[in-house]
Amino acid sequence: MLTNSLDAAVAQRDAALPPDVANARHDAALQRDAALSPTPAEDQGSSVSSIPEDPVISIRALHKRYGENEAVRGIDLEVRRGEIFAFLGPNGAGKTTTVEILEGFRQAGAGRVQVLGINPWRAPSAWRERIGIVLQESEAEPGLTVRECLCLYAGYYRAPRSVDETLALVGLSEQAQERASALSGGQRRRLDVALALVGDPELIFLDEPTTGFDPSARRAAWEVIAGLRDLGKTVFLTTHYMEEAERLADRIAVIAAGEIIAQGTPHTLGDRQLSVAQITFAPPHEMRLGELPATLAGHADQGPDGRIVLPSSSVAADLHALSGWALARGLKLDDLEVRRPTLEDVYLDLTTDDPDPTTNEPSPTTNDQPRS
Amino acid sequence: MPLSSAASRGPLALLAHQVRYDLRAGLRNPRARFFTFFFPIVLLVIFTGVFGHGSTTIDGVHVKLSRFYVPGILAMSIVVAAYANLVISIATLRETGVLKRRRATPVPPAVLIAGQALSTVAIAAIMATLLLAIGKVAYGVGMAPAAIAAIACTAVIGTLAFACIGYAVSGLIGTPDAAQPIIQATMMPLWFVSGVFIPTANLSGTLHTVGELFPVEHLAAGLQLASVHTSFGGAISLGDLLVLAAWGIAAAAFAWWRFSWLPSSAHA
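Residues numbered from 1 in each chain as written. Chains lettered and ligands numbered in written order. Predicted model: local features only at pLDDT ≥ 70, side-chain atom pairs only at ≥ 80, totals over all residues.

1. Comments concerning the overall build of chain A
Next up, step 1: For chain A, the count of helices and strands is 13 helices and 13 strands.
Next up, step 2: Classification of the 372 residues of chain A by burial places 37% in the buried group.
Next up, step 3: Of the contacts made within chain A by residues no fewer than 6 positions apart, 68% connect residues no fewer than 24 positions apart. (Helix = DSSP H or I, 4+ residues; strand = E, 2+ residues; numbered from the N terminus. Buried ≥ 20, exposed ≤ 12 C-beta atoms within 10 Å, placed from the backbone. Contact = placed C-beta atoms within 7 Å.)

Here is the structure:
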């Protein structure tokens, strides 16, 4: 048989290689074979994942259309093993559609989607052993205690984590015997995370995990999410909070009107690192911009609140000139500020260009039959 | 960690696991406890207290009305447990995202559905035991062992049929709030025309015919037939069981087409 002889050839060639490399190659060969065979990759899940270079999520030219509206218009994304990837976008930008396709709840329209090497829509239940999902809206299992909820879900997986360890991980050990429905909002969200973790997945989807939280509950949730990184998990996070993305994410992609409009690290998104800093201060008295040092006066401006605004591409020199000028006049410049655009500024810049993102995606349930 | 999870011990262990937790959640639900257990017992006490000494005929046998009410109220509690409670429970679990979250795990959907159906059968079995015991102790309505076996058969098939109908109807209902009026509107009239509250012999021919169009009449009639016979062959009503099975299969087919795990309010 062709496959056998191929395998034999690969084995022979790999005999000289260190075992890890040989295994990876063998897996690559299996994957090739799977791609050639008429029933693709259904049972190849575990072998594919052991190739560390393979992206955990890979999207190529994904399209999804609801009737007349194209909710997702050809996006490409790659999420690597072990990273926290934040997926941002205004409501109706195609964010939830994309996430639901990745989670296997909706079928891709066109394009290629692979999550852990498998098309989620056709994924076998073994694939679900390897992912955990924290849905945007889901309530506790009615009637069960926190511990019972976890025991119920642990039973769904072949090799679950310890229930008690998982409770400790999300800080719910003390609430173990309480009815899940009696938990506070923040505690319930932590239970959601625990339920997604109890199967010991490689990849976790977190859909707006802290929406509606007070600041302290949000900080506590961030600690839990940051802890997932330490466990070696890959996290796909959708959020509305720039601070959350900045704090947690290794990389960020922004979707608007069905297209990825920017990708990068929190530091480089939208060329943020290249953008010009702004020096601002309130003038001590009525003054004309011309009173400023000659090197600054040319590009200075006065904001609507009366503050002087100096875009600055060489902050040290401009500050030096400004402070010399101020000292000579006995001005204190108490409220002097130097700021770069925040991630939120960048995000708003990116997403408000779009004419009307909210009309591009209707409620999908009206003309699309989701997985049932 | 337990040495092996339910899933690792095979589908039957997983099903048993699901039934255990569904049953636990079901028995802790105050609404279900009231309507499935407490309310039917109260009705049995009231009906037999008010009309118990009257008489009627079942399958040509002259009996006191208490013998009519024990299986009739059992039919009612089966319908409440398998239809009313299940519709509300499924609609609630679906709209609160619980079904979607369960579906995101490796558990096979068949296990989730069968688990819910079997926990309903268990609740029906508890209820049947209670009602038959109360009938025997309080009203002297004894049953032959063969009749009890026939009641068990009829009750299991009836419960499964109504569970299928519950799944089908849950697909038509948007929110748990909308479930209540629809359930009451579909159930209440049938108590009166299906031989649950009033013997069918007392109904006009038209009302009886209307009752016979729906499955409640066949469940009640099947259970009542069993209560007046002493041999299994005489106590089992194949015709009624066939009608119940047909309703169940048709409903299952409808549910297959219409059932959704995702909230109907899902947004983009």
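2. Thoughts on the overall build of chain B
Next up, step 1: Along its length, chain B carries eleven helices and two strands.
Next up, step 2: In chain B, the succession of α and β elements from N to C terminus is α-α-β-β-α-α-α-α-α-α-α-α-α.
Next up, step 3: Taking 2.2 N^0.38 as the reference for a compact globule, 268 residues should give roughly 18 Å; the C-alpha atoms of chain B span a radius of gyration of 19 Å, in line with that estimate.
Next up, step 4: Projecting the C-alpha coordinates of chain B onto the three principal axes gives extents of approximately 60 × 40 × 30 Å.
Next up, step 5: By sequence separation, contacts in chain B at least 24 residues apart represent 79% of the contacts at least 6 residues apart. (Rg over C-alpha atoms; globule rule 2.2 N^0.38 Å.)

3. Notes on the environment of L213 of chain B
Next up, step 1: On the secondary structure map, L213 of chain B appears in helix α8 (residues 205-213).
Next up, step 2: Remark: the alpha-carbon pair of L213 of chain B and S194 of chain B, spanning 19 residues in sequence, is separated by 9.5 Å.

4. Things to note about the packing of helix α6 (residues 145-170) of chain B against helix α9 (residues 215-227) of chain B
All names here are of chain B.
Next up, step 1: Remark: α6 packs on α9, axes separated minimally by 8 Å, with the N-to-C direction vectors making an angle of 170 degrees. In terms of axis orientation, α6 runs roughly antiparallel to α9. For the pair α6 and α9, contact is made by A147, A150, I151, T154, G158 and A161 and by P215, L219, G222, L223, A226 and S227, respectively.
Next up, step 2: Considering only residue class, the contact of α6 with α9 consists of eight nonpolar, four polar and no charged. (Axes fitted to C-alpha atoms, helices over the stretch in contact; angles between N-to-C directions. Parallel < 35°, antiparallel > 145°, perpendicular 65-115°, else oblique. Nonpolar A, V, L, I, M, F, W, Y, C, P; charged D, E, K, R; others polar.)

5. A short note on the interface of chain B and chain A
Bring the parts together and some accessible area is lost; that lost area is often taken as the interface size.
Next up, step 1: The partner chain A presents 39 residues to the 30 residues of chain B that form the contact.
Next up, step 2: Contributions of two or more residues to the side of chain B that touches chain A are made by α1 (11-28) and α4 (98-103) of chain B.
Next up, step 3: For the side of chain B that touches chain A, the element with the highest residue contribution is α1 of chain B, accounting for six residues.

6. What to know about the sheet that holds strand β3 (residues 84-88) of chain A
The strands making up a sheet associate through backbone hydrogen bonding, with each pair oriented either parallel or antiparallel.
Residue and element names in this part refer to chain A.
Next up, step 1: Reading across from one edge, β5-β6-β7-β3-β8-β9 is the order of the six strands in this open sheet, with mixed pairing throughout. Edge positions in the open sheet fall to β5 (131-134) and β9 (259-264), since each of these has one partner strand only. In this sheet, adjacent strand axes meet at a mean angle of 15 degrees when their direction is disregarded.
Next up, step 2: Both β3 and strand β7 (residues 234-239) contribute to a ladder of five bridges, which runs parallel. Opposite F85, over in β7, you have F236 as the bridge partner.
Next up, step 3: The strands touched by helix α8 (residues 185-197) are β5 and β6 (203-207); relative to β5, the strand with the most contacts, the crossing angle is about 165 degrees. (Pairing = 2+ DSSP bridges.)

7. Some details on the pairing of β5 of chain A
All names here are of chain A.
Next up, step 1: Side chains of β5 alternate between two faces, with I131 and I133 and G132 and V134 buried alike.
Next up, step 2: The sheet contact formed by β5 and β6 spans four bridges and is parallel. The partner of G132 across the bridge, within β6, is I204.

8. Notes on the packing of helix α2 (residues 30-51) of chain B against helix α5 (residues 109-139) of chain B
The description of two packed helices rests on the angle between their axes and on the distance between the axes.
All names here are of chain B.
Next up, step 1: It is at 11 Å that the axes of α2 and α5 come closest, and there the two elements cross at 25 degrees. As far as their axial angle goes, α5 and α2 are roughly parallel. Read as a crossing pair, α2 and α5 show a hand that is right-handed. In this structure, α2 contributes T36, F37, I41, L44 and T48 to the contact, and α5 contributes I123, M127, L131, I134 and Y139.
Next up, step 2: Of the residues assigned to the contact of α2 with α5, the class counts are eight nonpolar, two polar and no charged. (Left-handed = near helix turned anticlockwise from the far one by under 90°.)

9. Some details on the sheet that holds strand β1 (residues 57-66) of chain A
Residue and element names in this part refer to chain A.
Next up, step 1: Judged by pairing direction, the sheet is antiparallel, and its three strands sit side by side in the order β2-β1-β4 without closing on themselves. A strand with exactly one partner marks an edge of an open sheet, and here the two such strands are β2 (69-79) and β4 (110-115). Each adjacent strand pair in this sheet contributes to an overall mean axis angle of 25 degrees, direction not counted.
Next up, step 2: Both β1 and β2 contribute to a ladder of eight bridges, which runs antiparallel. Across the sheet, residue K64 finds its bridge partner in β2, namely V72.

10. Quick word on the nonpolar core
Next up, step 1: By size, the foremost hydrophobic cluster in this structure holds 89 residues, and its most contacted members are A86, C149, L150, A194, F236 and L237 of chain A.
Next up, step 2: Among the elements that take part in this core, helix α6 (residues 146-154) of chain A stands out by supplying seven residues, more than any other. (Core = buried A, V, L, I, M, F, W, Y, C linked by C-beta atoms within 7 Å.)

11. Observations concerning helix α3 (residues 65-95) of chain B
All names here are of chain B.
Next up, step 1: Taking 1.5 Å as the rise per residue, α3 with 31 residues should run 45 Å; its terminal C-alpha atoms sit 43 Å apart, in good agreement.
Next up, step 2: Along α3, the helix axis deviates most sharply at L86, where the bend reaches about 35 degrees.
Next up, step 3: Downstream of α3 by one or two residues, G97 has phi in the positive range, about 80 degrees. (Expected span 1.5 Å × (residues − 1). Bend = angle between axes of the 7 residues up to and from the residue.)

12. Examining the confidence of the model for chain A
All names here are of chain A.
Next up, step 1: When pLDDT is averaged along chain A, the result is 80; 80% of the residues meet or exceed 70.
Next up, step 2: Of all helices and strands in chain A, the one with the weakest mean pLDDT is helix α1 (residues 2-14) (40), whereas α6 scores best (96).
Next up, step 3: Between residues 1-51, whose pLDDT stays under 50, and residues either more than four places distant or in other chains, the model counts 41 contacts.
Next up, step 4: Overall, residues 354-369 carries pLDDT values under 50, and its contacts beyond four positions in sequence, including any with other chains, amount to 38 contacts. (pLDDT = per-residue confidence, 0-100.)

13. Thoughts on unusual backbone geometry
Next up, step 1: For A61 of chain A, which is not a glycine, the phi torsion comes out positive at approximately 50 degrees.
Next up, step 2: Tracing the sequence through the fold places A61 of chain A in strand β1.

14. Observations concerning the confidence of the model for chain B
All names here are of chain B.
Next up, step 1: Scored by pLDDT, chain B has a mean of 91; 97% of the residues are at 70 or more.
Next up, step 2: α6 holds the highest mean pLDDT among the elements of chain B, 95, whereas strand β1 (residues 55-58) holds the lowest, 88.
Next up, step 3: Two summary scores accompany this predicted model of the complex, namely pTM at 0.79 and ipTM at 0.90.

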